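The chain contents come next:
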Amino acid sequence: MSTAFTETATTTHKPPIRRAWWKEAVVYQIYPRSFMDANGDGIGDLRGIISKLDYLKLLGVDVLWLNPIYDSPNDDMGYDIRNYYKIMDEFGTMDDFDELLREVHARGMKLVMDLVANHTSDEHAWFVESRSSRDNPYRDWYIWRDGKPDGREPNNWLSYFSGSAWAYDERTGQYYLHLFSRRQPDLNWENPKVREAIFEMMRFWLDKGIDGFRMDVINAIAKAEGLPDAPAKPGQRYAWGGQYFLNQPKVHEYLREMHDKVLRHYDIMTVGETGGVTTRDALLFAGEDRQELNMVFQFEHMDIDATDGDKWRPRPWKLTELKAIMTRWQNELYGKAWNSLYWTNHDQPRALSRFGNDGPYRVESAKMLATVLHMMQGTPYIFQGEEIGMTNCPFDSIDDYRDVEIHNLWRDRVLQGGQDPAEVLRVIQLKGRDNARTPMQWDDSPNAGFTTGTPWIKVNPNYREINVKQALADPNSIFHYYRRLLELRKQHPIVVYGKYHLLLPEHEEIWAYTRTLEDERWLVVANFFGGTPVFELPPDVVCSGGELMLANYAVDEALDEAPRRFQLRPYECRVYRLR
Ligand code: GLC
Ligand code: CA
């Protein structure tokens, strides 16, 4: 507990919070490859997105964030950029992009692009030059080093995608650093020319009128002086080196320079993807007066079912722990920095399969998860398909997977490491990124209406029951519930600006909290599991009754002393305005 704003649940106060459109917004994340295919080649594209803008407007989201759509050989599905100024051929043309941007704006929505600036593709012209000779002017645009005297890699850092973070290049006899795949060489941000080239590219897109950037692994762009070896366990060849490349002091210099030279000249939103940040780091990256970013994606809650941060070693998670993490973020950033709120994205399993119930209580638990998330303070992100309750999609064969992270894991653990293939497949089915990347389920026609061709990755077979057409037709669907949730945010400033206060921290099944803005107070109560626990409002919360604002079951208030005391049904949630 270290909040500067500790207070009891009953005090009222004025929020020391500045208004901003990006605080009031809800963001919808589109993974373009899997969203909608307009030309039947099996790959989602920009014209496909254009064709679904009315659907997104109906949902009520304010901002669309697109995963990378730039020219790329797709080793890491667009996170390996070959040309920052060109649209990926499979996705369309620059004219399509301009039309998309116009159409998004015409509907009063905004568009945020992915900025991948920690690394490029190995096919990017800068890297092609850089690797061509040791004295090429672009040599120093990437991170080249000699091997150790015995010929081994310059250091022992582990790549995010298994194996060494270094690749040896025969032609010039040196290694280059790649924190991700070997086809994603890291840029050398110490070189001012690199920074200027990135800033110039950002201005190109901002001058087109885009509304911001989601910055890929932005807290990794500065590496520690000397690139020291990471502490390794005996017998371990490669080790996690995050302490030498995440959240280094220099990253803040680079971001302030970026802010000064680019960001501050536009009315935009910025969100940094920052794995491994603590709240203390977040106050530096996204502090109100820091002139760096508007908000960051933190990952503490994504590690809750991992062992020592290793997602491939899953473990059961506890609600008390989840509440403690999220509450710490709510409290420690309050009034000082802004949170982003998400349960999933294109790198994570489907939230419903992970934190909810993807069986009999799929609909109830999807609504409950949405409520708990969107009623906290921060900008909520909806990942495509979350609004219709899409689930994980485990494949039976490694050949059905498309993700480089999965295939590298398979190579290291099964092909080279001799581990049990069934066991490795099991964790891939649970945690693999392709769970989130199967095509959007539009209707019950073949391939879920995503494509008339052969989809680039298999469609989840449950599309016959779970799809947009069904959701639009059913007034009780998850989709229509999201619409009400988003409307509440528009109508009631307390949803955006109210202070969060956790109730019943030790309760193992119920997550309950209040939000308070001036003399208004709301109560959010959620049953996270399939039991039927009784909720009791702690006596220090003043309450003489309440108005039900939202619930995922029909509530007969006459039966309860609502909202002081009531029994919850499986995955039930309720939001009350207290009197
Ligand atoms: C981020 C992206 C992920 C990508 C990686 C490398 O974590 O979200 O999809 O593989 O960065 O760019
Ligand atoms: Ca297509």
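Nothing here was measured: the structure is a model prediction, and the numbers come from that model.

**A closer look at the coordination of the calcium ion (ligand 2)**
Then, in step 1: For the calcium ion (ligand 2), the protein coordination sphere consists of Asp37 (OD), Asn39 (OD1), Asp41 (OD), Ile43 (O) and Asp45 (OD), at 2.3 Å.
Then, in step 2: Along the chain, the residues donating to the calcium ion (ligand 2) are arranged with the sequence spacing D-x1-N-x1-D-x1-I-x1-D.

**Considerations on the pairing of strand E16 (residues 499-503)**
Then, in step 1: Most of E16 sits inside the fold, with four of its five residues counted as buried.
Then, in step 2: With antiparallel pairing between neighbouring strands as the criterion, E16 and strand E17 (residues 510-517) make up a hairpin whose turn holds six residues, including leucine 504 at a positive phi of roughly 45°.

**Comments concerning the domain arrangement of the chain**
Then, in step 1: The domain architecture assigned to the chain consists of domain 1 (125-177), domain 2 (267-338) and domain 3 (498-578).
Then, in step 2: Relative placement of domain 1 and domain 2: their C-alpha centres are 32 Å apart.

**Quick look at empty space enclosed by the protein**
Then, in step 1: Using the criterion set out here, one finds four cavities of 30 Å³ or more in the structure.
Then, in step 2: The wall of the largest cavity is formed by Trp343, Thr344, Arg350, Ala351, Leu352, Ala366, Leu369, Glu386, Gly389, Met390 and Tyr482.
Then, in step 3: Elements supplying a minimum of two residues to the lining of the largest cavity: helix H11 (351-355) and helix H12 (362-374).
Then, in step 4: Here the residues of the lining of the largest cavity are counted per class, giving seven nonpolar, two polar and two charged.
Then, in step 5: Of the volumes computed, that of the second largest cavity is approximately 60 Å³.
Then, in step 6: Of all elements in the fold, only helix H10 (319-333) and strand E14 (338-341) reach the threshold of two or more residues within the lining of the second largest cavity.
Then, in step 7: Here the residues of the lining of the second largest cavity are counted per class, giving five nonpolar, five polar and no charged.

**Here we look at the packing of helix H9 (residues 279-286) against H10**
Then, in step 1: Between H9 and H10, the shortest axis-to-axis distance is 10 Å and the interhelical angle comes to 45°. If you check the angle between H9 and H10, you find them oblique. In this structure, H9 crosses over H10, and the sense of that crossing is right-handed. Along the contact surface, H9 presents Thr279, Ala282 and Leu283, while H10 presents Arg328, Trp329, Glu332 and Leu333.
Then, in step 2: For the contact of H9 with H10, the per-class residue count stands at four nonpolar, one polar and two charged.

**Quick word on H10**
Then, in step 1: An ideal rise of 1.5 Å per residue puts 21 Å on 15 residues; H10 measures up with 21 Å between its terminal C-alpha atoms.
Then, in step 2: Buried residues dominate H10, accounting for twelve of its 15 residues.
Then, in step 3: When we look at burial in H10, the residues that qualify are Leu319, Thr320, Leu322, Lys323, Ile325, Met326, Thr327, Trp329, Gln330, Asn331, Glu332 and Leu333.
Then, in step 4: The secondary structure elements touched by the buried residues of H10 are H9, E14, H12, E16 and E17.
Then, in step 5: Looking one or two residues beyond H10, the residue adopting positive phi is glycine 335, at roughly 75°.

**Quick notes on the sheet that holds strand E6 (residues 144-145)**
Then, in step 1: Strand order in the open sheet made by the three strands is E6-E8-E7, with antiparallel pairing throughout. The strands lining the two open edges of the sheet, one partner per strand, are E6 and strand E7 (166-169).
Then, in step 2: As defined by bridge partners, E7 adjoins strand E8 (residues 174-177) across four bridges and the pair is classed as antiparallel. Residue pairing in the sheet places tryptophan 166 in a bridge with leucine 177 of E8.

**Observations regarding the state of the cysteines**
Then, in step 1: Scanning all chains against the criterion turns up zero disulfides.
Then, in step 2: For the unlinked cysteine cysteine 543, the closest cysteine sulfur is that of cysteine 573, found at 18 Å.

**Quick look at the site of ligand 1**
Then, in step 1: Neighbouring residues of ligand 1: 14 residues in total, closest Asp76, Asp216, Glu273, His346 and Asp347.
Then, in step 2: Here an oxygen atom of ligand 1 and a side-chain polar atom of aspartate 347 are 2.5 Å apart.
Then, in step 3: Within the shell around ligand 1, the residues separate by chemical class into four nonpolar, three polar and seven charged.

**Quick look at the side chain of threonine 514**
Then, in step 1: For threonine 514, the position within the fold is in strand E17.
Then, in step 2: Looking at threonine 514, the relative accessible area reads 0%, which means it is buried.
Then, in step 3: Discounting residues that sit within four places of it in the chain, threonine 514 has contacts with Lys499, Tyr500, His501, Leu503, Arg521, Trp522 and Leu523.

**Points about unusual backbone geometry**
Then, in step 1: Non-glycine residue glutamine 291 carries a positive phi angle of around 60°.
Then, in step 2: Here glutamine 291 lies in the loop between H9 and strand E11 (295-297).
Then, in step 3: Phi angles above zero are rare outside glycine, and asparagine 447 is one such case at about 60°.
Then, in step 4: Checked against the element boundaries, asparagine 447 lands in the loop between helix H14 (421-431) and helix H15 (468-473).

**Brief notes about the packing of helix H6 (residues 192-208) against helix H8 (residues 249-261)**
Then, in step 1: In contact at an axis separation of 11 Å, H6 and H8 are set at 40° when each is read in the N-to-C sense. As the angle between them shows, H6 and H8 are arranged oblique. Regarding H6 and H8, the two cross each other, and that crossing is right-handed. For the pair H6 and H8, contact is made by Arg195, Glu196, Phe199, Met202 and Arg203 and by Tyr254, Glu257, Met258 and Lys261, respectively.
Then, in step 2: Within the contact of H6 with H8, the residues separate by chemical class into four nonpolar, no polar and five charged.

Here is what the cut-offs are and how they apply
Residues numbered from 1 in each chain as written. Chains lettered and ligands numbered in written order. Predicted model: local features only at pLDDT ≥ 70, side-chain atom pairs only at ≥ 80, totals over all residues. Heavy atoms only, no water. Donors = N, O, S within 2.8 Å, 3.2 Å for Na, K, Ca; no water. Buried < 20%, exposed > 50% of the residue type's maximum accessible area, 1.4 Å probe, protein only. Helix = DSSP H or I, 4+ residues; strand = E, 2+ residues; numbered from the N terminus. Pairing = 2+ DSSP bridges. Domains from an automatic or database assignment. 1 Å grid on protein atoms, 1.4 Å probe; cavity = no way out; pocket = protein on both sides within 12 Å on 5 of 7 lines; lining within 4 Å. Points joined across faces, edges and corners; volume = space filled by probe spheres on them. Nonpolar A, V, L, I, M, F, W, Y, C, P; charged D, E, K, R; others polar. Axes fitted to C-alpha atoms, helices over the stretch in contact; angles between N-to-C directions. Parallel < 35°, antiparallel > 145°, perpendicular 65-115°, else oblique. Left-handed = near helix turned anticlockwise from the far one by under 90°. Contact = heavy atoms within 4.5 Å. Expected span 1.5 Å × (residues − 1). Disulfide = S-S within 2.5 Å. Near = heavy atom within 4 Å. Polar contact = N/O pair within 3.5 Å; in protein donor to acceptor, adjacent residues only side chain to side chain.

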